[in-house]
Amino acid sequence: MKTIPIDCQIYAFNSQMKPAVRTELGSTLLFETQDALGGQVRSPDDILADLDFTRINLATGPGYVDGVNPGDTLVVCIHSIEPADSGAIVTGPGLGVLGNEMKKHATRILPIEDGFVLFDDLRLPIRPMIGVIGVAPEEGHYATGTAHKHGGNMDTKEIVAGRIVYFPVAQPGALLALGDVHAVQGDGEVCVSACEVDARVTVEVASIAGRQPEWPIVETDDAFLILVSLPTIDEALEEATRQAVKLLGKARELPAEDACMLASLAVDIEISQLVDPNKTARARIPKSILGAPLAELL
Ligand code: CA
């Protein structure tokens, strides 16, 4: 297994990314990741307003996967996400959904013990997830804080160990980078951050040749989640719906009206996060109504 060390950091996904390591299809990669605050918050006195913002929202990588080409799908199987034993969460004026109502900056250091995040006398079960994960885009320059079709800062609590994430490949080798692990996060990520932790993430990489989704897709035991990130949550919710209807139409050979009716009956349109430059929505499509393997529908 190859390791991408914590000092191989990127702050943007773009078409000119230089690989940190090269690996092969079917191999496993270990990413050492730093928290999204760049390791700058270690006490309640470290507030977001005082941080060096050039060190925020970083990712580790990228990894070049031999044999993966533009037009393919990169298939990332998440084997494990091991968070450190302490995390940090921050908020303040102008930040998050209720930024207008936050009167001062606030930081908490959150201990993690025996699989729980401690918040006062509450013990919240950890559910470690990857906030930033993506590949090099076809063109453009996406700061690691911004999500789009290449992935990026999707802050989706469903990207956990045991899941598979599918990305549209736009550059040779795909150039996979990830970071911004949260020990736990709710849908919305409403205060602007979650339990931000350093972590060790292991993934296995595979591919689907010659086909790809338009947006990243997460596979769970019983569903596919199409992740859409756009400037407003309204746009993201609408496009996630459109993508779900399109997939259902293809899978079941239905005209748009019937596919939309089926979506209305069986697809959940959900919110991943409301606080990043692009907001992320997801369409949850039960595998049971697709009737065909995902690879045949791309
Ligand atoms: Ca994030």
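Thresholds, definitions, all that
Every chain begins its residue count from 1, and numbering advances along the sequence as written. Predicted model: local features are reported for residues with pLDDT of at least 70 only, side-chain atom pairs are reported and counted for 80 or more only, and whole-chain, interface and lining totals are derived from all residues. Computation of side-chain values: all heavy atoms of the structure, hydrogens and water removed. Here a donor is any nitrogen, oxygen or sulfur atom (N, O, S) within 2.8 Å of the metal, with 3.2 Å used for Na, K and Ca; water is not among the atoms considered, so some sites may look incomplete. Note on conventions: DSSP H or I runs of at least 4 residues are helices, E runs of at least 2 residues are strands, and numbering of each starts at the N terminus. Note on pairing: DSSP must find at least two bridges between two strands before they are called paired. A fitted line through C-alpha atoms represents every axis, and for helices the fit uses only the stretch in contact; the resulting angles, taken between N-to-C directions, go from 0 to 180 degrees. To form a nonpolar core, buried Ala, Val, Leu, Ile, Met, Phe, Trp, Tyr and Cys residues must be joined to one another through side-chain atoms within 4.5 Å. Only protein chains enter the accessibility calculation, which uses a 1.4 Å probe. A residue is then buried if its area is under 20% of the maximum for its type, exposed if over 50%, and partly exposed in between. Only heavy atoms enter the contact rule, under which two residues are in contact if any of them lie within 4.5 Å. A side-chain nitrogen of Lys or Arg and a carboxyl oxygen of Asp or Glu constitute a salt bridge if their distance falls within 4 Å. Cysteine sulfur atoms are paired as a disulfide whenever they fall within 2.5 Å. Here the word oblique covers every angle except those under 35 degrees (roughly parallel), over 145 (roughly antiparallel) and from 65 to 115 (roughly perpendicular). By convention the crossing between two helices is left-handed if the near helix lies anticlockwise of the far one by an angle smaller than a right angle, and right-handed if it lies clockwise. Between N or O atoms, a polar contact is any pair within 3.5 Å; within protein, one atom must be a potential hydrogen donor and the other a potential acceptor, and residues adjacent in sequence are included only when both atoms are from side chains.

(A) Main features of the coordination of the calcium ion. For the calcium ion, the full set of protein donor atoms is Asn-153 (OD1), Asp-155 (OD), Asp-155 (OD) and Asp-180 (OD), and the range of their distances to it is 2.2 to 2.5 Å. One chain supplies every donor for the calcium ion, spaced along it as N-x1-D-x24-D. With a gap of 25 residues between them, Asp-155 in the loop between strand E14 (151–153) and strand E15 (164–168) and Asp-180 in strand E16 (residues 174–182) connect regions that are remote in the sequence.

(B) Focus on the sheet that holds strand E22 (residues 279–286). Read across the open sheet, the nine strands follow the order E1-E5-E18-E7-E15-E19-E20-E22-E21; overall the sheet is mixed. In the strand order of this sheet, the two ends are held by strand E1 (2–4) and strand E21 (268–273), each with one partner. Across the sheet, the axes of successive neighbouring strands diverge by a mean angle of 30°, strand direction being ignored. Pairing between E1 and strand E5 (residues 28–33): three bridges, direction parallel. Considered in E5, the bridge of Thr-3 is made with Leu-30.

(C) Structural detail: the nonpolar core. The biggest cluster of nonpolar side chains holds 37 residues, and the ones touching the most others in it are Leu-74, Leu-176 and Val-203. Among the elements of the structure, E5, strand E7 (73–83), strand E9 (106–113), strand E12 (129–134), E15, E16, strand E18 (199–208) and strand E20 (223–230) are those that each provide at least two residues to this core. Apart from residues lying up to four places away in sequence, Leu-74 is in contact with Val-65, Val-68, Val-135, Val-165, Tyr-166, Phe-167, Val-169, Ala-174, Leu-176, Val-205 and Ala-206. If you look at the next biggest cluster of nonpolar residues, it comprises 30 residues, including Ile-226, Ala-236, Ala-251 and Ala-259.

(D) Representation of the pattern of salt bridges in the model. The full count for this structure, using the stated rule, is 18 salt bridges. The partner of Asp-187 in a salt bridge is Lys-157, with the nearest N and O atoms 3.7 Å apart. On the criterion of sequence distance, the pair formed by Asp-187 in the loop between E16 and strand E17 (196–197) and Lys-157 in the loop between E14 and E15 is long-range, its members being 30 residues apart. Notably, a salt bridge pairs Arg-284 with Glu-270, separated by 2.8 Å at the nearest N-O pair. In this pair, Arg-284 is assigned in strand E22 and Glu-270 in strand E21, connecting sequence segments 14 residues apart.

(E) Structural detail: the state of the cysteines. If you walk through the whole model with that rule in mind, you get zero disulfides. We note that Cys-195 lacks a disulfide partner, and the nearest cysteine sulfur, in Cys-191, lies 11 Å from it.

(F) Representation of the packing of helix H1 (residues 233–252) against helix H2 (residues 256–266) in the model. Remark: H1 packs on H2, axes separated minimally by 8 Å, with the N-to-C direction vectors making an angle of 110°. In terms of orientation, H1 and H2 fall into the roughly perpendicular class. For the element pair H1 and H2, the recorded crossing hand is right-handed. Contacts between H1 and H2 involve Val-245, Leu-248, Gly-249 and Arg-252 from the first element and Ala-256, Ala-259, Cys-260, Leu-262 and Ala-263 from the second.

(G) Summary view of the side chain of Gln-40. With respect to the secondary-structure elements, Gln-40 resides in the loop between E5 and strand E6 (59–66). A polar atom in the side chain of Gln-40 sits 3.1 Å from the backbone oxygen of Leu-37. From its side chain, Gln-40 meets the backbone nitrogen of Asp-52 in a polar contact 2.9 Å long. For Gln-40, the contacting residues outside a window of four places in its chain are Asp-46, Leu-51, Asp-52, Arg-55 and Ile-56.

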